[in-house]
Amino acid sequence: MKTTLVACAAALVFVAACDVQDGQYVVPASGETAPAAVAAPSTPDSIQVFEGAPNRAFSSLGEIEIDVNKLTAFHPNPTREQAIERLRQEAAKRGADAIINVTVGEVKISPISWGSRNATATAVKF
């Protein structure tokens, strides 16, 4: 019984020092510490918006692509501001500080919407 408890405790310590990347446990090399927890999501209002690249160092968190649709022919067309707000919401979920290289397309009719506006950006952390 003692051996089982010791083995379970050792396994728990081993797993606690691991990191999960791409669905796999990654054990830090000797001398390394386990990575810190992922940053909590930020708020959409705190996300800075850059049409181009900022003049400071950043690390990319990935590309974001969204579509803003209108529900019927009687609703107003989606605005540029609505598209940027959706980009900010997605960036906040990733814990980003800003979105860069923002591009917002024109309103087009699509098979699933009477009017659709596409927008892309890169989420970054400073």
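The numbers attached to residues start from 1 for each chain and follow its sequence in the written order. Owing to the predicted nature of the model, reporting of local features is limited to residues with pLDDT of at least 70; listing and counting of side-chain atom pairs is limited to 80 or more, with chain, interface and lining totals taken over all residues. Note that the side-chain values use all heavy atoms of the structure and ignore hydrogens as well as water.

### Let's talk about the side chain of Ser-116
The helix count covers DSSP runs of H or I at least four residues long, the strand count covers runs of E at least two residues long, and both are numbered beginning at the N terminus. Tracing the backbone through its elements, the reader meets Ser-116 in strand S7 (residues 113-125). A distance of 2.8 Å separates the side chain of Ser-116 from the side chain of Asn-69, its partner in a polar contact. With residues up to four places along the chain from it excluded, the contact list for Ser-116 reads Asp-67, Val-68, Asn-69, Glu-106, Val-107, Lys-108 and Ser-110. Pairs of N or O atoms within 3.5 Å make up the polar contacts considered here, provided that, within protein, one atom can donate a hydrogen while the other can accept it, and that residues adjacent in sequence are counted only when both atoms are side-chain atoms. Here, residues are in contact when the closest pair of their heavy atoms is within 4.5 Å.

### Considering unusual backbone geometry
Positive phi is not limited to glycine here, since Asn-101 has a value of about 50°. Mapped onto the elements, Asn-101 comes out in strand S5 (residues 98-104). Three exposure classes are used, based on accessible area relative to the maximum for each residue type with a 1.4 Å probe and protein chains only: buried under 20%, partly exposed in between, and exposed over 50%. Residue classification places Asn-101 among the partly exposed positions, given a relative accessible area of 39%.

### Section: the nonpolar core
Of all hydrophobic cores here, the largest spans 16 residues; its most connected members are Ile-64, Ile-66, Leu-87, Ala-91, Ile-99 and Val-102. Of all the elements in the fold, those that place two or more residues in this core are strand S4 (59-70), helix H2 (80-93), S5 and S7. Take this core: its biggest share by element is 5 residues, from H2. Other than its neighbours up to four places away in sequence, Leu-87 contacts Ile-64, Ile-66, Ile-99, Val-102, Ala-119, Thr-120 and Ala-121. By nonpolar core we mean a set of buried residues, namely Ala, Val, Leu, Ile, Met, Phe, Trp, Tyr and Cys, connected to one another through side-chain atoms within 4.5 Å.

In short, the description is geometric, and any link to function would need to be established separately.
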